[in-house]
Each structure stands twice: as C-alpha cells, then as structure tokens.
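Fold and contact review
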Amino acid sequence: MKRERILVIDGNPLDGAALRAALCERGFDAVEAVSAESALALVPSFGPGAVLADATLPDCSGPMLLARLKELGSDAAVVVSTPPAEIDAAVAALRAGAESFLVRPLDPAQAYVVLEKALEKRRLRRDRAKLREQARARVALVGSAAELQQVMEVVRRVAPTKATVLVIGEAGTGKEHVAQALHESSPRRDRPFVRVNCAALSEVLLDSELFGHERGAFADADERHEGRLEQADGGTLYLDEVGRLPLALQVKLLRVLQQGELERLGGAETIKVDVRVVAGAQRDLAEEVRAGRFRDDLYYRLNVVSIPLPPLRERKGDIPALVNHFIETFGREQGKELVGVTPGALSALFAYDWPGNVRELANVVERAVAAAHGKEIAGEDLSPVLYGGRPEESGASALIPGATLFEIEREAILRTLEQCNGSTARAAEILGVSVRKIQYRLKEYRSGVSGRRRASIDEAFRELQAK
Ligand SMILES: Nc1ncnc2c1ncn2[C@@H]1O[C@H](COP(=O)(O)OP(=O)(O)OP(=O)(O)O)[C@@H](O)[C@H]1O
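Keep in mind that this is a model prediction, so the values were computed, not measured.

Further remarks concern a nonpolar patch on the surface. The grouping of Leu94, Phe101 and Val103 at the surface amounts to a nonpolar patch, some 210 Å² of accessible area in total. Relative to the elements of secondary structure, Phe101 occurs in strand S5 (residues 100-103).

In structure tokens form, the structure reads like this:
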C-alpha cells in the first residue's frame, strides 16, 4: 500500500529530524522543513496528505499556512502544534480550517495518532467530493438541439438565483432532470434536493408530506413529522405535477414562497424555511387558472421563470447525444464497453416518435446495451417496436418479452380502442381500468401515432367532446 506523505515544519532542525524519523518508523513517508517558505516549496513535488506545522514560527501562522496551501491546490490535512502558553495560535488555525492541534513538546506516538485521524478525515472529505462530482455528472443536461441549448442557457442564467422556476413538458421529457440540474448548478448544491409528486397523494397526506404534522393532527398521526419543505431547508424542492395541488395547499405554498413561513398540520408554531421551489407541469397552467382550479397569484409566483421542454419527437437532433450518454451510463453499470450504434439502429431511433420521450429512449438503450453482442448497438438489439416487428401486425403479446411495460400498455390500449371503434368506455371495460386512465394515456399517445390508430384516438376524443 502507498505510504501516506507527511510534511513536518519545525523551526528546530534537530526536533524536526527526530520527528520525521519517528513518523517514518511508524509507516509514513515524511520529510521536514525548517520554515514555511521552504516547506511550501516542497508541496507541489511532494504532494503531502498531511502537514504537521509549528504554528508559532515567524513566517508560519496557521491561517496563513492554510491559505498558501489552498493557493497551491493542496487539500492536505493540517495539524498545528504550539507550546501551552500560545494556545491562541492553535485556536486561530483551527478556525481557519486546521484539522487538529498538538501541544509542544511533541510526543511522536501521540502525533502519529492525531495525524492518522486527520488523514482519515481527509479521505472522507475526498470521498464525499467524489460522490458529489458523480451526482453532478449524472444530472448533466445532454442534448445538442437548439431547443435544449436554450434550456441550458436559462439554467445557467437562473441557477445562481433563488427564482422560482416552472418547467413544462410531457411525461418523460426531463422536467425533474432540469430541476436537478438547476439545483446542482446553484449555490444550494450541497444542501438537499427533495421531490414531491402532487398527484400521488390525497389532500391530507399531501398536506402532511409537504408541511409536516404534529402528533395527533389526524387519525394516524402518532408522531410529529417533519415535512418535505423543512427537509429541503437551504436546498431545492421539486414539485412534480404542481397543477394537481389542491387549492387549500396552494394558499400554504404561496405563503412559503412569499414569506418563507409555514405551520405544520395541527401545529401553531411558525417555522421559517429557505427553500428554492422548482415546479413541473405537463401543460401550461394558464388553462387551470382560467378554470378556477389554480390560484392566479400562485401561478404568477411559480412562473417567474418558465422553461418549456419540447417533446423528443420535436427535437430529434438530441437523439445521438442522448443515445451516447445512455450507452456510457448503462455500459458502465453493466460492465460493457460499447462505442456507439450502427447506422441501421440510428435510423430506426430517428424514425420512431418517442411518445414516452427521453425516459423511453433511456429504457430502450438500457435494454439494447444488455442485448448487444458487438462493440455497437445493432438494429436487432432494439425492441421490436422500433426495429422489424411492426406492432400493428404482431400485437401486444408478440412484444413480450422484448418491450417495455410502457410499450406493452400502449399496445394493449390502442389495439383495444381500435377494436371498439374508438369507444373509451368500452375499452376501459375490456381492460378493467378507469375511463380516466384511458383518456389520460390517449393524450400522451396522440401525437406519436398515425394512420388507423390516430383515427381511432381522434374518434375517442370526438366521442368525449360529444358527451
Ligand atoms: N437532457 C437530458 N440529459 C440526460 N438525461 C435526461 C435528459 N432529459 C431527461 N433525461 C433522463 O430521462 C429520464 C426521464 O426524465 P425525468 O424523470 O426528468 O422526466 P419528467 O419530465 O420529470 O417525467 P415525469 O413527468 O413523468 O415525472 C430520467 O432518467 C432523466 O435522467
């Protein structure tokens, strides 16, 4: 194993040499210097993991040493030593970021233990930084189409501010991804990113989820619960499907946005929070405002900056960059080194309409990476919906296995609807789901299909309007 490097700074050459020898004996690779200047000159080539410095030398106050190390790009852990009468110098160094301090004269065994601990803290610090780096790389906004370039530009501009942002786009276009990118590019990135889906819970549960509750606030409230807004303090809250937020909760959210204040459900105490809110919606909320389902004051507040995310079929120029990005991500996960896609596979990817947007593309590439035998993803590695087997002819059952649940569900709904001449009520009955679910799905599929299928969806919509 590589030995950890320690730089010893001691004004007394004899003490310094003795300490160096003692640390080397215990397994470190140590060098010594008699002044801060000569020590700092060694830093670039020696690359110490820790510096053990006398903080009372004329040219070596602790804060100054820490600042100079930073300038040199070193993240070495610093341990300072002072005589008992000059503890103030050690305190100043600790305030400036030193890991620990020792009282002189130094005991080599004790110095060894303190250095080990300081090195361990540095290792943890580095691991954390690496994880953060990886998280940031994961939320890189990938895409080269002009539409996405514009999105990136807005993200760059507003990330440093606390402005509320509304991201509008179909399911799977990357709304949450944009919210995360905003968070990761903002000064809040080391604080939490918290997400809540406003359509997933009943009003009472959503109230408690967002704002928290006190014990006994409702039947199952056995304990006090901290809401997501409190958990996101200092960070970012992503509110998915904000258009589905009940009116009573819209009032509470507005207060958080305006005054940074909330009360837990069943509580009287006012809690202060500092949260940046990013909201996601599948369509513009103006319609909801007109229909009286969404407060206009909250709408204007959320809409300070709005980012439209076009569906993937309208920005197919992004496909190559996204495909490469997903090949790299899933290739790493699956331990496969792939270099790209064959021209045949690429044209199949371009020919498809991507009703499930970027999420569907990610799923398709993930499965293709698993299926690929060569260095490139070939056409036959793609699901039958994209390549070869035409779904109209083969039917939903022929897709299994080889298709995503999304594709299978879409196939089942569209085929049933076709056979019922566009009657959503009949299709819902046959499939054993609610009419609402079918209607919701049809809106998603509508622009991704043509011909007979499009005609039956249009028929379904005509039927709905006639009701
Ligand atoms: N520009 C992009 N670059 C890289 N990955 C992306 C991009 N856009 C979306 N993705 C990925 O696609 C997937 C779907 O994106 P995301 O969940 O953000 O969509 P969404 O619009 O929030 O969907 P929903 O409305 O269904 O919640 C995620 O895995 C996300 O990381």
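There is more to say after this.
So, on to the sheet that holds strand S1 (residues 5-9). As summarised here, the arrangement of the five strands in space is S2-S1-S3-S4-S5, forming an open sheet in which the pairing is parallel. In the strand order of this sheet, the two ends are held by strand S2 (29-33) and S5, each with one partner. Direction aside, the axes of adjacent strands within the sheet are offset by 20° on average. With five bridges joining them, S1 and S2 adopt parallel strand pairing. Of the residues in S2, the one forming a bridge with Ile6 is Ala30.

This part takes up helix H1 (residues 13-25). Between its first and last C-alpha atoms H1 spans 18 Å; for 13 residues at 1.5 Å apiece the expected length is 18 Å, and the two agree. Residues Gly16, Leu19, Ala22 and Leu23 constitute the buried set of H1. Along the long axis of H1, the arc covered by the buried residues comes to 130°, so they all point the same way. In this structure, H1 carries Pro13, Leu14 and Glu25 as exposed residues pointing more than 90 degrees from its buried face. You can read the cap of H1 off the contacts: a side-chain oxygen lies 2.9 Å from the backbone nitrogen of Leu14, and it is on Asn12. Looking one or two residues beyond H1, the residue adopting positive phi is Gly27, at roughly 110°.

This part takes up the UniProt feature "modified residue: 4-aspartylphosphate" (unreviewed entry) in the protein chain. Using the residue numbers shown here, the UniProt feature "modified residue: 4-aspartylphosphate" (unreviewed entry) corresponds to Asp54. Inspection of the secondary structure assignment puts Asp54 in strand S3 (residues 50-54). Each residue touching Asp54, except ones within four places of it in the same chain, is listed here: Ile9, Cys60, Ser81 and Arg104.

The next point concerns helix H3 (residues 62-71). Residue pairs spaced three or four apart in an α-helix point in one direction, given the helix's 3.6 residues per turn. Regarding H3, the residues found buried are Gly62, Leu65, Leu66 and Leu69. Burial along H3 is one-sided: seen end-on, the buried residues are contained in an arc of 100°. Summarising the contacts, the buried residues of H3 are in contact with S1, helix H2 (36-46), S3, strand S4 (77-82) and helix H4 (87-95). Immediately beyond the C-terminal end of H3, within one or two residues, lies Gly73, with a positive phi of roughly 80°.

Right, let's talk about the site of the ligand for a bit. What surrounds the ligand is a group of 18 residues, the closest being Val142, Lys175, Glu176, His177 and Arg359. Within the side chain of Lys175, a nitrogen or oxygen atom sits 2.7 Å from an oxygen atom of the ligand. For the ligand, whose free accessible area comes to 640 Å², the fraction covered by protein is 82%. Every element with two or more residues in the shell around the ligand is listed here: helix H7 (175-184), helix H13 (319-334) and helix H15 (357-371). Partitioning the shell around the ligand into residue classes produces eight nonpolar, five polar and five charged. In terms of domain composition, the shell around the ligand takes at least three residues from each of domain 2 (146-310) and domain 3 (313-466).

Thresholds, definitions, all that
- Here, residues in each chain are numbered from 1, in the same order as that chain's written sequence.
- In keeping with the model being predicted, local features are shown solely for residues with a pLDDT of at least 70 and side-chain atom pairs are shown and tallied solely at 80 or more, while totals for entire chains, interfaces and linings include all residues.
- With hydrogens and water excluded, all non-hydrogen atoms of the structure serve as input to the side-chain values.
- Patch definition: residues above 30% relative accessible area lacking any salt bridge, with like charges linked at up to 9 Å and the nonpolar side chains Val, Leu, Ile, Met, Phe, Trp and Tyr linked at up to 5 Å.
- Only the protein chains shown count as cover for residues, and all accessible areas are computed by the Shrake-Rupley method using a 1.4 Å probe.
- Basic side-chain nitrogens of Lys or Arg form a salt bridge, by our definition, when they fall within 4 Å of a carboxyl oxygen of Asp or Glu.
- Strands are runs of DSSP state E lasting at least 2 residues, helices are runs of H or I lasting at least 4, and numbering of each runs from the N terminus.
- If DSSP finds at least two bridges between two strands, the strands pair.
- Helix axes are fitted to C-alpha atoms over the stretch in contact, other axes to C-alpha atoms as well, and angles between N-to-C directions run from 0 to 180 degrees.
- Here the expected span of a helix is defined as 1.5 Å times the quantity of residues minus one.
- When accessible area is computed with a 1.4 Å probe and restricted to protein chains, residues below 20% of their type maximum are described as buried, those above 50% as exposed, and intermediate ones as partly exposed.
- In this context, the arc is that of the directions from the helix axis out to the C-beta atoms.
- Between N or O atoms, a polar contact is any pair within 3.5 Å; within protein, one atom must be a potential hydrogen donor and the other a potential acceptor, and residues adjacent in sequence are included only when both atoms are from side chains.
- UniProt positions are given in the numbering used here, feature names are shortened, and annotations may be inferred rather than shown by experiment.
- We call two residues in contact when some of their heavy atoms are within 4.5 Å.
- We call a residue near a given molecule or strand whenever any one of its heavy atoms falls within 4 Å of it.
- Note on residue classes: Ala, Val, Leu, Ile, Met, Phe, Trp, Tyr, Cys and Pro are nonpolar, Asp, Glu, Lys and Arg are charged, and everything else, Gly too, is polar.
- How far each domain reaches was decided by an automatic or database domain assignment.

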